[in-house]
Amino acid sequence: MFPGRRLVRVLPLLLCLLAAGCAQRPADTAGRDVRRAVAEWSRTPPERLAGIPVEDWAYEVASVRQDGVRALVRAELRYRLTGYDPAPGGSARELELRLDGGTWRVAADRPAPGAPPQLWDQGPVSVVRGTHSLVLGGSGQHEDALREIAAEADRAVPAASAAWPGPWAGRVVVLVPGSLERMAELLGGTADAYRGMGAVTTGRVGAGPAPADRVVVNPQGYAELGGAGRRIVLTHEVTHVATRAATTARTPLWLSEGFADWAAYRGGPTTPEQGAPALGRAVRRGEVPAALPATEAFAFGGDPEALARAYEGAWLACRLIAEKWGEQALADLYGRAGREPLATALEGALGVDPAGLTKAWQEALRGWLR
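Asker: I'm lost on the nonpolar core in this one. Help?
Answerer: The nonpolar side chains of a soluble globular protein tend to be buried with one another. Counting residues in hydrophobic clusters, the biggest one holds 66 residues, and the most contacted among them are Val174 and Trp254. Excluding residues within four positions of it along the chain, Trp254 makes contact with Phe259, Leu292, Pro293, Phe298, Ala314, Ala317, Cys318, Ile321, Leu342 and Leu357. Ala37, Leu77, Ala184 and Ala191 belong to the second largest nonpolar core, which has 34 residues in total.

Asker: Looking at this structure, I do not really get the pattern of salt bridges. What am I missing?
Answerer: Opposite charge on two side chains permits them to pair, given that their charged atoms come into close proximity. For the structure shown, the criterion picks out 26 salt bridges. Of the charged contacts in the structure, one is a salt bridge between Asp109 and Arg48, with a shortest N-O distance of 3.8 Å. Pair noted here: Asp109 is in strand 4 (residues 103–111) and Arg48 is in the loop between helix 1 (3–41) and strand 1 (54–67), with a separation of 61 residues, a long-range link. In this structure, Glu152 and Arg155 form a salt bridge, with 3.2 Å as the shortest nitrogen-oxygen distance. Here the residue Glu152 and the residue Arg155 both occupy positions in helix 2 (residues 143–163), the gap between them amounting to three residues, near one helical turn. Within the structure, one salt-bridge network assembled from shared partners comprises Arg70, Arg74, Glu94, Glu96, Arg98 and Arg110.

Asker: Explain the environment of Gly138 to me, please; I cannot follow it from the model alone.
Answerer: Within the secondary structure, Gly138 is located in the loop between strand 6 (133–137) and helix 2. Note on Gly138: relative accessible area 3%, which makes it buried. The spacing of Gly138 and Arg182 is 44 residues in sequence and 8.6 Å in space, taken between C-alpha atoms. Setting aside anything within four residues of it in sequence, one finds Gly138 in contact with Leu119, Pro124, Val176, Pro177 and Gly178.

Asker: So what exactly am I meant to see when it comes to the packing of helix 11 (residues 327–337) against helix 12 (residues 342–350) here?
Answerer: The angle between the axes and the distance between the axes are what describe a pair of packed helices. With their axes 9 Å apart at the nearest point, helix 11 and helix 12 run at an angle of 150 degrees to one another. The angle between helix 11 and helix 12 falls in the class roughly antiparallel. In terms of crossing hand, the pair formed by helix 11 and helix 12 is right-handed. Counting all contacts with helix 11, which are made through Ala329, Asp332, Leu333, Arg336 and Ala337, the residues of helix 12 involved are Ala345, Leu346, Gly348, Ala349 and Leu350. Across the contact of helix 11 with helix 12, the residue classes break down as seven nonpolar, one polar and two charged.

About the cut-offs
- Throughout, a residue's number is its position along its own chain's written sequence, starting from 1.
- This being a predicted model, a pLDDT of at least 70 is required before a residue's local features are given, and a value of 80 or more before pairs of side-chain atoms are given or counted; all residues contribute to the totals for chains, interfaces and linings.
- As a rule here, side-chain values cover all heavy atoms of the structure and leave hydrogens and water aside.
- Put simply, a nonpolar core is a bunch of buried Ala, Val, Leu, Ile, Met, Phe, Trp, Tyr and Cys residues held in one set by side-chain atoms that sit within 4.5 Å of each other.
- Think of it in three bands: residues with accessible area under 20% of the maximum for their type are buried, residues over 50% are exposed, and the middle band is partly exposed, with areas taken using a 1.4 Å probe on protein chains only.
- Here, residues are in contact when the closest pair of their heavy atoms is within 4.5 Å.
- In what follows, salt bridge is the name for a side-chain nitrogen of Lys or Arg lying within 4 Å of a carboxyl oxygen of Asp or Glu.
- To qualify as a helix, a DSSP run of H or I must reach at least 4 residues; to qualify as a strand, a run of E must reach at least 2; elements of each kind are numbered from the N terminus.
- Inter-axis angles, ranging from 0 to 180 degrees, are taken between N-to-C directions of lines fitted to C-alpha atoms, where helices are fitted over the stretch in contact.
- Any angle that falls under 35 degrees is termed roughly parallel, while one over 145 is termed roughly antiparallel, one within 65 to 115 roughly perpendicular, and all others oblique.
- Crossing handedness is defined as follows: a turn of the near helix away from the far one that is anticlockwise and smaller than a right angle gives a left-handed crossing, while the clockwise case is right-handed.
- Ten residues, namely Ala, Val, Leu, Ile, Met, Phe, Trp, Tyr, Cys and Pro, are considered nonpolar, four, namely Asp, Glu, Lys and Arg, are considered charged, and the remaining ones, Gly among them, are considered polar.

Below you can see the structure in the form of structure tokens.
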């Protein structure tokens, strides 16, 4: 083969490679420019967050998809509420950017497809600060109502601290969306799943500091409660926040829910008969539960009477432990149950096996609810 022919064959290949490289570089540059634009834009939280004490506000870009003068960015929003969150919380977001005069600018910031919104995505947010609480109200919430919730949360925090000796921040963030439907949006569920509830708690279970627990109030269900009911509901939820770091997937649901109810009723006048009407009816029919409530018994959407019996039975199990073995033993059991098999935790904290606890609980039910 003559050298000239080899050059003729090589030149198209070189030209193709050079063309591909030239085509690739602008895309790479655009991606870098988009990421830089997001970083610069996110240096300052949006104006709609004015009054909300946010810090460490940042977007961690996961992907950039460019289409001409438009780019879509998938990112994880990280931020903390100053004085309340020990670690940043996360929120999946989608940013839309437009190329304007050679510069990429953020045109929209919204929840990523399938991700729940933040409270400020639903409209203006009102901020009320309590002694131990930060209450954020969604669009349509009146400040007087938020102040009442802040006052109740301020009473719930010391009550939770008195019941739970473990370390926790001693502060709580309460979200009050504008409606039941807005609450469901924040939690990524349906309105029917939360109808009738006064409040719920968000957050990951597991050892270590919970990054961003929130108590989310159902404005419809909360408004239907009396003063005592509101106190019990908020203390229950705040106790979940307090015990979050000690709660793991290993923790039995009857213990985590029962402990939160025990903390809420602790020191109050509510008797077992008053606080456990559904379980009382069953016991008086001779239907004493054969075992402590199973995890599936706490699922919403089924038989409300059975659900009530599960919560009441869990509360009375924790009440029994506190009365028979002591409050410190109950807290010790809670901590152990998140790290050890239940049988091991019971033996270490109470000196009893699961069958022994179940028998003592059944005897207590017969005595309390006859």
